[in-house]
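An overview of the molecular structure
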Amino acid sequence: EAGVAQSPRYKIIEKRQSVAFWCNPISGHATLYWYQQILGQGPKLLIQFQNNGVVDDSQLPKDRFSAERLKGVDSTLKIQPAKLEDSAVYLCASATRGSYNEQFFGPGTRLTVL
Amino acid sequence: ELKVEQNPLFLSMQEEKNYTIYCNYSTTSDRLYWYRQDPGKSLESLFVLLSNGAVKQEGRLMASLDTKARLSTLHITAAVHDLSATYFCAVGQKLVFGKGTKLTVNP
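Overview of the structure. (Residues numbered from 1 in each chain as written. Chains lettered and ligands numbered in written order. Predicted model: local features only at pLDDT ≥ 70, side-chain atom pairs only at ≥ 80, totals over all residues. Heavy atoms only, no water.)

A few words on the overall build of chain A. Looking only at helices and strands, chain A features 0 helices and 11 strands. N-terminal to C-terminal, the α/β element order of chain A is β-β-β-β-β-β-β-β-β-β-β. Over its C-alpha atoms chain A spans a radius of gyration of 13 Å, differing by no more than 12% from the 13 Å that the globule rule assigns to 114 residues. Its C-alpha atoms give chain A principal-axis dimensions of about 40 × 25 × 25 Å. Split into buried and exposed, the 114 residues of chain A put 46% on the buried side. Taken as a whole, chain A presents about 5,700 Å² of accessible surface, with 49% of it coming from carbon and sulfur. Charge centroids of chain A, computed over 13 positive and 10 negative side chains, lie 4 Å from each other. (Helix = DSSP H or I, 4+ residues; strand = E, 2+ residues; numbered from the N terminus. Rg over C-alpha atoms; globule rule 2.2 N^0.38 Å. Buried < 20%, exposed > 50% of the residue type's maximum accessible area, 1.4 Å probe, protein only. Areas by Shrake-Rupley, 256 points an atom, 1.4 Å probe, with all protein chains shown as cover. Lys, Arg positive; Asp, Glu negative; His and termini not counted. Charge placed at Lys NZ, Arg CZ, Asp CG, Glu CD.)

What follows is the structure, encoded as structure tokens:
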């Protein structure tokens, strides 16, 4: 079974530029998550999708971050414009609608904002 | 707001000795997860604990959950070098993570 795929793996941009990340979840997983992991910290949930609908985006900085999952499969996360403090690893995870919601994580995209 | 605390944050272990790391959380939850993260890598699921008194073991790692005390422990038996990594606990359906415990095993 293929795991969660993410691209790109690394991205370096200057502040005020825009960037987008892509995630392809495990086949059949209805739930998709985006996390931000700042160096030395645990991941923090940004947004959760159930199929193509948003379940929770309470911690998403909506003035600059946006995410979509148009067909209930792939998802993109965009930052526009980027700030220095957005430097982090952005992790995508997916889960089935099982009894304990175990999440499987992708390799992440490491973003550096200069 | 659910808060999750892990301790210690750093643990330098000697090979073949036993150690425990702790995960405390602030509000009632019905599930707790342990993940491992190697440097530059993503998170690997280790354990899912779903009920009070749950205990799970895999190799040299054993995790337990006390929902009344809001505490989970990850016990390491006879540490070996390949256990060196950062270990995270995460609580709740929406995975609130602790800051992680960085384990280093020294010969």
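Residues and elements named next belong to chain B. Ordered in space as β1-β3-β8-β7-β6, the 5 strands form an open sheet in which the pairing is antiparallel. Each edge of the sheet is formed by a strand with only one pairing partner; in this case those strands are β1 (4–7) and β6 (55–58). Here the average twist between neighbouring strands, direction ignored, is 15°. Two elements, strand β3 (residues 19–25) and strand β8 (residues 71–76), share 6 bridges in a ladder whose sense is antiparallel. The residue of β8 that forms the bridge with Tyr-19 is Ile-76. (Pairing = 2+ DSSP bridges. Axes fitted to C-alpha atoms, helices over the stretch in contact; angles between N-to-C directions.)

Of the consecutive residues Gln-80 of chain A and Pro-81 of chain A, the connecting peptide bond is found in the cis state with omega at -5°. With respect to the element layout, Pro-81 of chain A can be found in the loop between β8 (75–79) and β9 (88–95). Pro-8 of chain B follows Asn-7 of chain B through a cis peptide bond whose omega is -5°. With respect to the secondary-structure elements, Pro-8 of chain B resides in the loop between β1 and β2 (10–14). A positive phi angle is found at Asn-51 of chain A, which is not glycine, with a value near 55°. Inspection of the secondary structure assignment puts Asn-51 of chain A in the loop between β5 (44–50) and β6 (53–56).

The next subject is the pairing of β1 of chain B. A regular strand places its side chains so that they alternate between the two faces of the sheet. All names here are of chain B. On β1, burial follows the alternation: Val-4 and Gln-6 on one face are buried, whereas Glu-5 and Asn-7 on the facing-out side are not. In this sheet, β3 lies alongside β1 in antiparallel orientation, the contact comprising 4 bridges. Counterpart to Glu-5 in the pairing with β3 is Asn-24.

Time to look at the nonpolar core. Soluble, globular proteins show a tendency: their nonpolar side chains are buried together. Ranked by internal contacts, the top residues of the largest apolar core, which has 27 residues, are Met-13, Leu-32, Trp-34, Leu-74 and Tyr-87 of chain B. Where this core is concerned, the elements lending two or more residues are β2, β3, β4 (32–37), β5 (43–49), β7 (61–66), β8, β9 (85–91) and β11 (101–106) of chain B. Aside from chain neighbours lying at most four places away, what touches Tyr-87 of chain B is Gln-6, Ile-21, Tyr-35, Arg-36, Leu-46, Leu-61, Leu-74, Gly-100, Thr-101 and Leu-103 of chain B. Ranked by size, the runner-up nonpolar core spans 21 residues in total, among them Cys-23, Trp-34, Tyr-90 and Val-113 of chain A. (Core = buried A, V, L, I, M, F, W, Y, C linked by side-chain atoms within 4.5 Å. Contact = heavy atoms within 4.5 Å.)

Residues and elements named next belong to chain A. Considering all chains together, one arrives at 2 disulfides over all chains under this definition. Paired by a disulfide, Cys-23 and Cys-92 hold their sulfur atoms 1.9 Å apart. Looking along the S-S bond of the Cys-23-Cys-92 disulfide, the torsion reads about -70°, which is the left-handed sense. Placement of the pair is Cys-23 in strand β3 (residues 19–24) and Cys-92 in strand β9, with a sequence separation of 69 residues. Grouping residues by exposure puts Cys-23 and Cys-92 together as buried. (Disulfide = S-S within 2.5 Å.)

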